[in-house]
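Here are the chains, one letter per residue:
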Amino acid sequence: MRNTQHYELRPARVALGLTRKQSECLSFIENYIAKNGIPPSFDEMKDALGIRSKSGIHRLVHALKERGHIDFLNHRARSITVLSEVA
C-alpha cells in the first residue's frame, strides 16, 4: 500500500535547486527525526514518499548530500544528519 501523503514543499528549497522529490524527502527526514528522535530507514522513506525501490531513495539521499543538506555514514543504518535548515 502506497502512502500518498505529500510532504511540505518549501519554495526556498526549490530556489536552491532541489527538485520536488528532493524537497519532500528532506522534509520527511526532518519531520521524522523531530518526531522519533532518530533518522528514518531507507524502507521508511521509500514507503512514505511512494517510491518503489530503495535505489530511488538512494539517488535522492545522495543528491541531498551532494548539495550539502544532509550527511550520512556509508553502510550504516539510520546515520542521516540534517546539516541545513532552510525556511
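Analysis parameters
Residues numbered from 1 in each chain as written. Predicted model: local features only at pLDDT ≥ 70, side-chain atom pairs only at ≥ 80, totals over all residues. Heavy atoms only, no water. Helix = DSSP H or I, 4+ residues; strand = E, 2+ residues; numbered from the N terminus. Buried < 20%, exposed > 50% of the residue type's maximum accessible area, 1.4 Å probe, protein only. Axes fitted to C-alpha atoms, helices over the stretch in contact; angles between N-to-C directions. Parallel < 35°, antiparallel > 145°, perpendicular 65-115°, else oblique. Contact = heavy atoms within 4.5 Å. Nonpolar A, V, L, I, M, F, W, Y, C, P; charged D, E, K, R; others polar. Salt bridge = Lys/Arg side-chain N within 4 Å of Asp/Glu carboxyl O.

J.: Hey, could you run me through unusual backbone geometry in this one?
T.: Most peptide bonds adopt trans geometry, and most residues besides glycine take a negative phi value. The backbone of histidine 75 shows a phi angle near 60°, a positive value even though the residue is not glycine. Residue position: histidine 75 is located in the loop between β1 (70-71) and β2 (81-82). Residue classification places histidine 75 among the exposed positions, given a relative accessible area of 85%. If you check the backbone angles, arginine 78 has positive phi at about 50° while not being a glycine. With respect to the element layout, arginine 78 can be found in the loop between β1 and β2.

J.: Is there a simple way to think about the packing of helix α2 (residues 20-36) against helix α4 (residues 54-66) in this case?
T.: A packed helix pair is summarised by two numbers, namely the angle formed by the two axes and the spacing between the axes. Interhelical geometry of α2 versus α4 gives an angle of 85° and a closest axis separation of 10 Å. Here α2 is positioned roughly perpendicular relative to α4, judged by the angle of their axes. Counted together, Lys21, Gln22, Cys25, Leu26 and Ile29 of α2 and Leu60, Ala63 and Leu64 of α4 form the full contact between these two elements. For the contact of α2 with α4, the residue count by class is six nonpolar, one polar and one charged.

J.: I tried to follow the pattern of salt bridges on my own but got confused; where do I start?
T.: As a working rule, side chains carrying opposite charge can pair if their charged atoms are close by. Enumeration over the complete set of coordinates arrives at six salt bridges. The partner of lysine 54 in a salt bridge is aspartate 43, with the nearest N and O atoms 3.6 Å apart. Placement of lysine 54 in helix α4 and of aspartate 43 in helix α3 (residues 42-49) is noted, with a sequence separation of 11 residues between them. Residue lysine 54 is classed as partly exposed on the basis of its relative accessible area, which comes to 46%. Between arginine 78 and glutamate 44 there is a salt bridge, and its shortest N-O distance comes to 3.0 Å. Residue arginine 78 is located in the loop between β1 and β2, and its partner glutamate 44 is located in helix α3; the two are separated by 34 residues in the primary sequence. Overall, glutamate 44 belongs to the partly exposed group, its relative accessible area being 27%. Three or more residues joined by partner-sharing salt bridges are found here, namely Arg20, Lys21 and Glu24.

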